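# Notes for the structure review
If you want the building blocks of each chain, they are given just below.
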Number of protein chains: 2
Amino acid sequence: MPSILDIRSAVVPISSDIANAYIDFSKMTASVVAVVSDVTRAGKPLVGYGFNSNGRYAPDGLLKERFIPRLAEADLGGDIDPVLAWTAMMSNEKPGGHGERSVAVGVLDMALWDLAAKIADVPLYQLLADRWRDGEVDSDVFVYAAGGYYYPGKGTRELQQELQSYRDRGYRVCKIKIGGADLGEDIERIEAAIEVVGEGGNLAVDANGRFDLETAVAYAEALQQYNLFWYEEAGDPLDFEIQAELGKIYPNPLATGENLFSHQDARNLLRYGGMRADRDWLQIDCALSYGLVEYKRFLDVLPDYGFDRTNCIPHGGHQMSLNIAAGLGLGGNESYPDVFAPFGGFSDATAVEDSRVGLHQCAGVGFEEKSNLIAVLRAATETD
Amino acid sequence: MPSILDIRSAVVPISSDIANAYIDFSKMTASVVAVVSDVTRAGKPLVGYGFNSNGRYAPDGLLKERFIPRLAEADLGGDIDPVLAWTAMMSNEKPGGHGERSVAVGVLDMALWDLAAKIADVPLYQLLADRWRDGEVDSDVFVYAAGGYYYPGKGTRELQQELQSYRDRGYRVCKIKIGGADLGEDIERIEAAIEVVGEGGNLAVDANGRFDLETAVAYAEALQQYNLFWYEEAGDPLDFEIQAELGKIYPNPLATGENLFSHQDARNLLRYGGMRADRDWLQIDCALSYGLVEYKRFLDVLPDYGFDRTNCIPHGGHQMSLNIAAGLGLGGNESYPDVFAPFGGFSDATAVEDSRVGLHQCAGVGFEEKSNLIAVLRAATETD
C-alpha cells in the first residue's frame with residue numbers, strides 16, 4: 001500500500017515585465033511542492049509535483065502552517081487518494097472565505113493527482129477519463145494564446161508583432177487585454193489585432209474585472225460590431241449584476257470565472273450572473289480553487305443550470321487543466337506562449353496547430369515531458 | 001508628521017476545549033500585531049494593536065510575505081491614515097478570492113485605527129463618530145452572550161448552568177449552537193435553554209452553516225413556535241438560495257454573515273439572500289474582512305437594499321466592533337463571556353446590565369483598559 005514519505009515546498013518567482021488592469025506581475029510568486037512516495041519505479045521513488053498558476057501569490061505560509069502538516073498526518077486509507085486527502089487537508093476549516101487557502105490546497109491537490117497517475121502508470125487525462133468518463137479521451141484540446149498585455153511604450157505595431165508570433169506558432173485564437181487604456185485607444189488596439197488574426201471571431205478581449213457597470217456596457221456596445229471570440233471579466237468577479245446586465249445586452253460570447261475559487265462561488269455565477277449556456281464560457285482554474293477534487297464538484301453542478309463541460313475553458317495555461325480538458329471533455333484551455341514560463345505551456349513534443357494541442361504520453365500530469373518546467377520543479381524541491 | 005517605526009507580529013493560541021458544527025477550536029490561533037509609531041506620549045511611543053477574531057487562523061505567513069512589507073513601504077501621506085494604508089496594503093492584489101488575506105489586512109487595519117485614535121487622543125468610537133456620524137456616540141451597546149457549544153459529556157443540565165452564569169453576569173440574550181445533534185435533541189436543548197433565559201425572545205441559535213436546504217427548513221419549522229431572538233447561519237454562507245428560502249417560510253428573525261469577508265460578498269447576501277430589513281441581522285466581522293476600511297464600504301451599500309446600520313450585530317465579540325457599534329450606531333455586538341479569552345470581552349470597568357455594556361474611556365480601541373488582553377498584546381509583540 002503506497003504512502004507519502006515527504007512533502008516539500010518552495011517559492012519561486014513568476015517574474016514578468018507586464019501589467020494588466022490590476023496587477024504588476026514583477027512581484028508575483030508561485031509555490032512548488034513535491035509529494036514523495038514510497039513507491040519506486042526504475043529504482044527511484046515516484047514524486048508528484050504541483051504549483052499554483054498565475055494571478056495569486058505563493059501560499060507558502062498557509063502550506064507550512066496548516067495544509068502540509070494535515071496532509072502529512074492524514075490517514076489516506078491505505079492508498080494515495082486525492083479525494084480523501086482533500087477532506088483531511090480541509091479538516092477544521094470553516095465554510096466560506098474562499099481565497100488563498102484555495103490556492104494552497106490546489107497546489108497540493110495537483111501534486112497528489114500527478115502522483116496518483118504515476119502510481120497507476122498512466123497519463124492523468126487517462127486516469128480521469130477512466131474514473132469519470134468511461135475511458136474516452138480527447139486526442140487534442142483547443143487552446144488560445146493569452147497575451148496582449150500593456151507594456152510601457154508598447155504600441156499597436158508591437159501588439160501586432162506579438163500576435164503574429166502567436167499565429168506563427170499555430171494559435172488561431174488570441175487574447176488581448178482591455179481596460180488599461182480608454183475605450184478609443186482600446187478600439188484601435190482591437191482593430192489592429194483583428195488585422196493580424198483575420199476576424200473578430202479569432203480575438204478575445206479581457207478587462208480583468210476593472211469596469212463598473214457603465215463602462216462595461218459602453219465597451220459591450222462598442223465591441224459588439226466585431227463579433228469577438230469573447231469579452232472576458234468586465235466587472236468585479238463577484239458583481240453578478242454587471243455580468244447579468246451584459247448577458248442581456250451583449251449578443252456575443254462572454255467569459256468569466258478565473259477569480260471564483262470554490263464551487264459555491266461558481267454556482268452563484270450560474271445562479272445570478274445571467275450566463276448563457278449556448279455561447280458563454282466558464283474559466284474556473286483548479287490550481288487556484290482547491291484543486292481538481294473541488295473542480296469536479298463544480299463540473300457536477302453545471303447541468304443543474306443548463307451548462308455542460310464544453311462551456312469550460314480554464315484560466316491558467318497549465319498542464320493540469322489540459323489533462324482535465326482532455327480527460328473530462330472541457331471546451332479547451334488557456335495558453336501563455338510568452339509569459340509565466342516555465343509554468344505555462346505544454347509538452348515539448350506537442351506543437352499547436354489551428355489552436356489545438358496534442359497530449360503528453362508519460363505517466364502523470366506530463367511535467368517530465370516539459371523540460372524547462374520539470375527542471376524547475378526538481379531543483380526547487382531538491383527531488384529527482 | 002507621525003510615521004511608523006516598526007511593525008511586529010506574533011502568533012498566539014486561541015485554545016478552547018470546544019467544538020461547533022465545523023471546527024475543533026483546540027488548534028485555533030490568532031495573529032497579534034503592533035504598529036509602533038514615532039509619536040511619544042508620557043515618554044513612550046504610541047503603539048497600535050490588532051488581532052484577528054476567532055473562527056479563522058493566524059495569517060502569519062500572509063502578514064510577513066505581503067501585507068507587513070507593503071505597509072512598511074507605504075507612503076501614508078504624512079499621516080497615519082488607515083484608508084491610505086489599506087490601499088497600499090492591497091496594491092497588486094486581484095479582485096475576488098476574499099479569504100485569509102482579508103484576515104491579515106483586518107489585523108493590521110485594527111492596529112492602524114487603534115494608533116490613529118491614540119494619536120488623536122480619543123477613544124476610537126469618538127474618532128469614528130466625529131468622522132462619519134456628526135460626533136454622536138451611543139453610550140452603551142447591546143451585547144448577547146455567545147456560548148452553548150457542544151462538549152463531550154455536556155447535557156442539558158450543564159447547558160442550563162452555563163446560561164444561568166451568563167444571566168447572572170447581566171446578559172439577557174444568550175446564544176447556543178444547533179446542528180451538532182439531531183433535531184430532537186436540539187429541541188430538548190432549546191427548551192432547556194428557554195427555561196433559563198425566560199422566553200424564546202432571549203435565545204438565539206446558531207447552526208454554523210451546517211444544514212442543507214431540507215434540514216434548514218425542517219429546523220425552521222420546528223423553531224418557529226419558540227419566537228427565538230434569531231436563527232443563525234443555517235446553510236453554507238455562500239448558498240444564498242437556502243437563506244432566501246428561509247426568508248420566505250420563517251417568520252422570525254434570521255441572522256448570517258460572519259463568513260462573508262468583503263463588501264462584494266456581503267452585497268450578494270443583500271441582493272440574493274432574501275434578508276428582511278425589518279427583522280434580520282447582518283454579522284459581518286471587520287476583523288476577518290479587511291478591517292474597518294472595508295466594513296465602512298459594506299455599511300455604505302446597506303441603504304441600497306433597504307437596510308441600515310442597526311441591522312448589524314458583528315461576529316467576533318471584540319472591542320473593535322464595540323467601537324464601531326458605539327461610534328457608528330450598529331445594532332449591537334457579540335460577546336463571548338467564557339471562550340476565546342483574552343480576545344473576547346470588553347473593558348474591565350464595564351459591567352453588562354440587561355444585555356448592554358458601557359464604553360472604555362482611554363484613547364484607542366480600549367485595549368489598555370482590558371488588563372488580560374493588553375498583557376498578551378504587549379508580551380507577544382515585546383512592546384510596552
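Rules used in this analysis
Residues numbered from 1 in each chain as written. Chains lettered and ligands numbered in written order. Predicted model: local features only at pLDDT ≥ 70, side-chain atom pairs only at ≥ 80, totals over all residues. Helix = DSSP H or I, 4+ residues; strand = E, 2+ residues; numbered from the N terminus. Rg over C-alpha atoms; globule rule 2.2 N^0.38 Å. Buried ≥ 20, exposed ≤ 12 C-beta atoms within 10 Å, placed from the backbone. Contact = placed C-beta atoms within 7 Å. Least-squares fit on C-alpha atoms with pLDDT ≥ 70 in both. Nonpolar A, V, L, I, M, F, W, Y, C, P; charged D, E, K, R; others polar. Axes fitted to C-alpha atoms, helices over the stretch in contact; angles between N-to-C directions. Parallel < 35°, antiparallel > 145°, perpendicular 65-115°, else oblique. Left-handed = near helix turned anticlockwise from the far one by under 90°. Pairing = 2+ DSSP bridges.

The next subject is the overall build of chain A. Helices and strands together make up the secondary structure of chain A, namely 12 helices and 12 strands. By the compact-globule yardstick of 21 Å for 384 residues, chain A fits well, its C-alpha radius of gyration being 20 Å. Principal axes of the C-alpha set define a box for chain A whose edges measure 60 × 40 × 40 Å. In chain A, which comprises 384 residues, the share counted as buried stands at 57%. In chain A, of all internal contacts separated by at least 6 residues, the share reaching a separation of at least 24 is 72%.

Once turned by 180 degrees and shifted 0.0 Å along the axis, chain B lies on chain A with an RMSD of 0.0 Å. As the rotation angle and translation indicate, the two copies are arranged about a two-fold axis. When the interface residues of chain B are mapped onto chain A, 100% of them again fall at the interface, so both copies present the same face.

Here the residue pair A:Ala341 and A:Pro342 is connected by a cis peptide bond, since its omega of 0 degrees sits within 30 degrees of zero. Along the chain, the position of A:Pro342 falls in the loop between β10 (333-335) and β11 (352-353).

On to the interface of chain B and chain A, then. Contacts between chain B and chain A engage 37 residues on the former and 37 residues on the latter. At the level of elements, α1 (60-73), α8 (240-249) and α9 (263-272) of chain B are the ones that each hand at least two residues to the side of chain B that touches chain A. In the side of chain B that touches chain A, the residues fall into 11 nonpolar, 11 polar and 15 charged.

We now examine the environment of A:Thr310. All names here are of chain A. Looking at the element boundaries, Thr 310 is found in the loop between α10 (291-301) and α11 (319-328). Expressed as a C-alpha distance, the spacing of Thr 310 and Ala 58, which sit 252 residues apart in the sequence, is 30 Å. Once residues lying within four places of it in the same chain are set aside, the contact partners of Thr 310 are Gly 329, Leu 330 and Gly 331.

Next up on the list: α10(A). Buried within α10(A) are the following residues: A:Gly291, A:Leu292, A:Val293, A:Glu294, A:Tyr295, A:Phe298 and A:Leu299. In the core, the buried residues of α10(A) are packed alongside α2 (82-89), α3 (101-120), α9 (263-272) and α11 of chain A.

Residue and element names in this part refer to chain B. Contact geometry of helix α7 (residues 213-223) with α8 gives a least axis separation of 10 Å together with a crossing angle of 25 degrees. When the interaxial angle is binned, α7 and α8 end up roughly parallel. Of the two elements, α7 crosses α8, and the hand of that crossing is right-handed. Counting all contacts with α7, which are made through Leu 213, Ala 216, Val 217 and Ala 220, the residues of α8 involved are Ile 242, Glu 245, Leu 246 and Ile 249. Class assignment for the residues of the contact of α7 with α8 results in 7 nonpolar, no polar and 1 charged.

Our next topic: the sheet that holds strand β3 (residues 44-51) of chain A. Residues and elements named next belong to chain A. Taken in spatial order, the 3 strands make up an open sheet running β1-β2-β3, and their pairing is antiparallel. Looking at which strands have only one partner, the edges of the open sheet turn out to be β1 (4-13) and β3. Each strand axis lies, on average, 25 degrees off the axis of its neighbour in the sheet, ignoring direction. When strand β2 (residues 29-41) meets β3, the two strands line up antiparallel, connected through 7 bridges. Bridging across to β3, Ala 34 finds its partner in Tyr 49. Across the sheet, helix α1 (residues 60-73) touches β1 and β2, and the angle it forms with β1 is around 165 degrees. The strands touched by α3 are β2 and β3; relative to β3, the strand with the most contacts, the crossing angle is about 145 degrees.

Remember, this is a structural readout, not a statement about activity or role.
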